[in-house]
Amino acid sequence: SETGPSPVDRARSGSKHHLLVDASGIPLAWTLTGGNRNDVTQLIPLLDRVPAVRGLVGRPRCRPQAVVCDRGYDHDSHRRLVRERGVEPIIARRKTEHGSGLGRIRWVVERTFAWLHHFKRLLVRYDRRAEIHEAFLAIGCCLVCFRRLERSF
């Protein structure tokens, strides 16, 4: 049911949203897992869900050039899997000083989460069925894209 013990309140079950966004904060891929799942388990599935970029004649690019992650994704096996997909992993190393400079880039993801959590239906999960909650997550991502595009014109 895509729920698990909440990291905040162990008595309640919860869900976790996972996002892959572009440099401006537009969601490219998203998944929903239980609250007790590790973030790194969704790195490869998110990369595989990114659709091909359309437009130019020739072979379309299917994946981003680089992916920026925080220390929670610091696993050599996952770095290798990301490189195998033709994506450069920029991942902070564990047990290193903060201030690596990745915070200047990572805040874009956190801002997108804030935009999504303005929709109370995504902030607090009311739905029992995971499919319904994931559908609302998809609608929220579409609305974020629409609002970003609306502002650019």
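Notes on the structure in this doc start here. (Residues numbered from 1 in each chain as written. Predicted model: local features only at pLDDT ≥ 70, side-chain atom pairs only at ≥ 80, totals over all residues. Heavy atoms only, no water.)

### A short note on the overall build of the protein
Across its full length, the protein carries five helices and five strands. Its helices and strands taken in sequence order, the protein reads β-β-β-α-β-α-β-α-α-α from the N to the C terminus. The buried share of the protein, reckoned over its 153 residues, is 37%. Working note: accessible area of the protein is about 10000 Å², and carbon and sulfur atoms make up 55% of it. (Helix = DSSP H or I, 4+ residues; strand = E, 2+ residues; numbered from the N terminus. Buried < 20%, exposed > 50% of the residue type's maximum accessible area, 1.4 Å probe, protein only. Areas by Shrake-Rupley, 256 points an atom, 1.4 Å probe, with all protein chains shown as cover.)

### Digging into the environment of Arg 121
The topology assignment puts Arg 121 in helix α4 (residues 120-123). The partly exposed category is assigned to Arg 121, whose relative accessible area is 35%. Separated by 15 residues in the primary sequence, Arg 121 and Phe 136 place their C-alpha atoms 7.6 Å from one another. In this structure, Arg 121 is in contact with Asp 127, His 133 and Phe 136, ignoring residues within four places of it in sequence. (Contact = heavy atoms within 4.5 Å.)

### Here's the deal with helix α5 (residues 130-152)
Taking 1.5 Å of rise per residue, the 23 residues of α5 would be expected to cover 33 Å, and the 33 Å separating its terminal C-alpha atoms lies within 8% of that figure. Taken together, the buried positions of α5 are occupied by Ala 130, His 133, Leu 137, Gly 140, Cys 141, Val 144 and Cys 145. (Expected span 1.5 Å × (residues − 1).)

### A look at the nonpolar core
Core analysis: the largest hydrophobic core is formed by 14 residues, its most contacted members being Leu 20, Leu 43, Leu 47, Val 67, Cys 69, Tyr 73 and Val 82. Counting residues per element, the ones that place at least two in this core are α1 (43-49) and β4 (66-69). If you tally residues by element for this core, the top one is α1, at four residues. Ranked by size, the runner-up nonpolar core spans twelve residues in total, among them Leu 19, Trp 115, Leu 116 and Val 144. (Core = buried A, V, L, I, M, F, W, Y, C linked by side-chain atoms within 4.5 Å.)

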